[in-house]
Amino acid sequence: MKNNDFSPPSRQALHLAKRMGRVGTSPTAAVSERVRAFQRDGIEITNLGEGELDFATPDHVADAAKQAIDRHETKYTAVAGTAALKEAIRTKFRRDNELDFSADEIIAASGAKQIIFNAFLATLDAGDQVIIAAPYWVSYPDMIRLTGADPVVVSTTADQGWKLTPDALAKAITPHTRWVVLNSPGNPTGAIYTAAELAALLEVISPHPQILVLADDIYEPLRYGMPFATPLQIRPDLRDRILTVNGVSKSHAMTGWRLGYGAGPRWLIAALDILQSQSTSNPSSISQAAAVAALNAPPIFLQSWLETLAARRDIVLDMIAGIPSCSARRPDGAFYVFMAVSKWLATTGQTLGLKTDVDMASWLIETARVATVPGSAFGTPGHLRIAYAVETQVLRDSCERIKAACTPR
Ligand SMILES: Cc1ncc(COP(=O)(O)O)c(C=O)c1O
């Protein structure tokens, strides 16, 4: 769905920049609008579409923020983050990833999203290309288009574990390629690249000096047994071409605090600093103080979070296994299951007049009172993304309702 519905149209032509014609409202907007319509009528809908954990931000992190307010740490800070936060980010990278960064190779921002957007804005010109694997996080393509560049989407399949292969990557590279985005654990599939798989992809990228690598590691700690590897750890020789992005949104259930960070070559971090200084300046000083506490303390809460999440993931997988013609690959990380529904649409769906994943998502809101996100939002139609980041009993009940709705009687 393109964002061509600003009204009145004459105003649009008169006032909006041409670049606004290159981006769309997310295909999830239609589903969200249906949810709101039901809620306005007082009908309860369970939202399994939301990309955020239902857990509370850990107490020690929230306490650090309260103390920062009491200390009146409520003023502008350095654009790229306080010295204490940069030190905590350095400690995190050393401890978890065996990566050593100096303070001027690090920048904090209002979410990983801002780092990624600014990285594209700082480096891309019209006609440049960025390779992303589908299914992809919904924001990558539009962020790329806003800069005037073009996303080059390489499709992956469940049989390939939803991962980019070196062959497919090599075929997608052109003289215009400026970035390859690698997101692991991935949204919306939960796929995790092994160190060997990353090494093979980096081997393809390495001979092309104009190509940068964006490692989106935002789901790093949310893994169910798989080890974690990040591109720079594997290819330290590509240090001048890798931007590693992370944040506390998913690791510490802090989506609303808006605190992400990036580490990469000095020239790129300096450019991000300039962009940020002329737009939003530093991320919230309170959120920075909270992130210091989050990154410095060992995540003792994580084991119990992961046990809860793994049990929820299995509830969703069991539900899918019980619906004829639906299937899903068991995700290794994050908190999403990417469910294949095209066979269901061709059979049961047809008898119900449902043609696409968007139709199905809409219908599930009506019949099962559950919101999911259609796979087309992630560049992979014929699927639904189910986020299992809601209370376990609520999830169980929602899954029962989805199964009942989807199973022909
Ligand atoms: C793959 C991926 N990258 C980045 C982000 C942005 O995270 P943040 O909340 O830090 O902006 C998200 C959020 O959903 C995501 O799924």
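What counts and how
Residues numbered from 1 in each chain as written. Predicted model: local features only at pLDDT ≥ 70, side-chain atom pairs only at ≥ 80, totals over all residues. Heavy atoms only, no water. Helix = DSSP H or I, 4+ residues; strand = E, 2+ residues; numbered from the N terminus. Buried < 20%, exposed > 50% of the residue type's maximum accessible area, 1.4 Å probe, protein only. Polar contact = N/O pair within 3.5 Å; in protein donor to acceptor, adjacent residues only side chain to side chain. Contact = heavy atoms within 4.5 Å. Near = heavy atom within 4 Å. Areas by Shrake-Rupley, 256 points an atom, 1.4 Å probe, with all protein chains shown as cover. Nonpolar A, V, L, I, M, F, W, Y, C, P; charged D, E, K, R; others polar. Salt bridge = Lys/Arg side-chain N within 4 Å of Asp/Glu carboxyl O. Axes fitted to C-alpha atoms, helices over the stretch in contact; angles between N-to-C directions. Parallel < 35°, antiparallel > 145°, perpendicular 65-115°, else oblique. Left-handed = near helix turned anticlockwise from the far one by under 90°. Core = buried A, V, L, I, M, F, W, Y, C linked by side-chain atoms within 4.5 Å. Domains from an automatic or database assignment. Pairing = 2+ DSSP bridges. UniProt positions renumbered as here; feature names shortened; annotations may be inferred.

Caption draft 1: Highlighting the side chain of Glu220. Within the secondary structure, Glu220 sits in the loop between strand 6 (212–216) and helix 9 (231–234). Judged by its relative accessible area of 6%, Glu220 falls in the buried class. At a separation of 2.8 Å, a polar atom in the side chain of Glu220 contacts the side chain of Lys92. Setting aside chain neighbours within four positions, we find Glu220 in contact with Lys92, Asp96, Asn97, Pro185, Phe228 and Asn246.

Caption draft 2: Molecular detail of the site of the ligand. As a structural note, the neighbourhood of the ligand is formed by 13 residues, with Ala112, Asp216, Ser249, Lys250 and Arg258 the closest of them. Lys250 is positioned such that a nitrogen or oxygen atom in its side chain is 2.8 Å from an oxygen atom of the ligand. A distance of 2.8 Å separates an oxygen atom of the ligand from a polar atom in the side chain of Arg258. Within the complex, the protein chains bury 93% of what would otherwise be the 400 Å² of accessible surface of the ligand. Class assignment of the residues belonging to the shell around the ligand gives a composition of 5 nonpolar, 4 polar and 4 charged.

Caption draft 3: Structural context of the pattern of salt bridges. By the definition in use, this model includes 20 salt bridges. A salt bridge links Asp96 to Lys92, with the nearest nitrogen and oxygen atoms 3.5 Å apart. Residue Asp96 and its partner Lys92 are located together in helix 4 (residues 83–97), separated by 4 residues, close to a single helical turn. Judged by relative accessible area, which is 37%, Asp96 ranks as partly exposed. Linked through salt bridges whose partners overlap, the residues forming this network are Glu87, Arg90, Arg94 and Asp100.

Caption draft 4: View of the packing of helix 4 against helix 11 (residues 285–296). Packing of helix 4 against helix 11 leaves a shortest axis separation of 9 Å and a crossing angle of 25°. In this view, helix 4 runs roughly parallel relative to helix 11, as classed from their interaxial angle. The interaxial crossing formed by helix 4 with helix 11 has left-handed handedness. Residue-level inspection shows Ala84, Leu85, Ala88, Ile89, Thr91, Lys92 and Arg95 of helix 4 in contact with helix 11, the latter providing Gln288, Ala291, Val292, Leu295 and Asn296. Grouping the amino acids of the contact of helix 4 with helix 11 by side-chain chemistry returns 7 nonpolar, 3 polar and 2 charged.

Caption draft 5: Fine view of the nonpolar core. By size, the foremost hydrophobic cluster in this structure holds 80 residues, and its most contacted members are Phe120 and Trp179. Among the elements that line this core, the one with the most residues is helix 12 (residues 302–321), at 10 residues. Lining this core are residues from two domains, each supplying at least three of them: domain 1 (9–55 + 302–406) and domain 2 (75–296). Residues contacting Phe120, with those up to four places away along its chain left out, are Val130, Tyr140, Met143, Ile144, Thr147, Trp179, Val181 and Leu214. Listed in part, the 43 residues of the second largest apolar core include Ala88, Ile89, Leu99 and Val213.

Caption draft 6: Highlighting the sheet that holds strand 4 (residues 150–155). One open sheet accounts for 7 strands, arranged 2-8-7-6-5-3-4; its pairing is mixed. In this open sheet, the two strands that pair with only one neighbour each are strand 2 (106–109) and strand 4. On average, each strand axis in the sheet is tilted by 20° relative to the strand beside it, whichever way the strands run. Taken together, the 4 bridges between strand 2 and strand 8 (residues 260–263) define a ladder with antiparallel strand orientation.

Caption draft 7: Representation of the UniProt feature "domain: Aminotransferase class I/classII large" (unreviewed entry) in the protein chain in the model. As annotated in UniProt, the feature "domain: Aminotransferase class I/classII large" (unreviewed entry) corresponds to residues 44–402 in the numbering used here. Measuring from the first to the last C-alpha atom of residues 44–402 gives 15 Å, for a span that is 41% helix and 16% strand.

Caption draft 8: Here's a closer look at the environment of Ser285. Tracing the sequence through the fold places Ser285 in helix 11. Note on Ser285: relative accessible area 12%, which makes it buried. Here the alpha-carbon distance between Ser285 and Ala263, two residues 22 residues apart in the chain, equals 19 Å. When residues no more than four places from it in sequence are discounted, the contact partners of Ser285 are Glu73, Thr74, Lys75 and Thr77. Here Glu73 takes part through its backbone oxygen, which lies 2.7 Å from a polar atom of the side chain of Ser285.

Caption draft 9: Highlighting the sheet that holds strand 13 (residues 383–387). Here 4 strands make up an open sheet; going across it, the order is 9-10-13-12 and the pairing antiparallel. The sheet terminates laterally at strand 9 (327–328) and strand 12 (373–374), the two strands that pair on one side only. Note that strand 12 and strand 13 share 2 bridges and pair antiparallel. The residue bridging Pro374 from the neighbouring strand is Leu384, located in strand 13.

Caption draft 10: Representation of the environment of Leu352 in the model. For Leu352, the location among the structural elements is in the loop between helix 13 (342–351) and helix 14 (357–368). Sequence-wise, Leu352 and Trp162 are 190 residues apart; in three dimensions their C-alpha atoms are separated by 29 Å. When near neighbours in sequence (up to four residues on either side) are disregarded, Leu352 contacts Trp344 and Trp363.

Caption draft 11: A look at the packing of helix 5 (residues 112–123) against helix 10 (residues 266–277). Two numbers describe how helix 5 lies on helix 10: the axes approach to 9 Å, and their chain directions differ by 105°. In terms of axis orientation, helix 5 runs roughly perpendicular to helix 10. Residues Gln114, Ile115, Asn118, Ala119, Leu121, Ala122 and Thr123 of helix 5 lie in contact with helix 10, whose contacting residues are Trp267, Leu268, Ala271, Leu272, Leu275 and Gln276. Broken down by class, the residue content of the contact of helix 5 with helix 10 amounts to 9 nonpolar, 4 polar and no charged.

Caption draft 12: Main features of the pairing of strand 3 (residues 129–134). Among the 6 residues in strand 3, 6 count as buried, and that is most of the element. Side chains Gln129, Ile131 and Ala133 project from strand 3 onto one buried face, and the interleaved Val130, Ile132 and Ala134 project onto a second face that is buried too. Across 3 bridges, strand 3 lies against strand 5 (residues 177–183) in parallel orientation. Looking across to strand 5, one finds that Ile131 is bridged to Val180.

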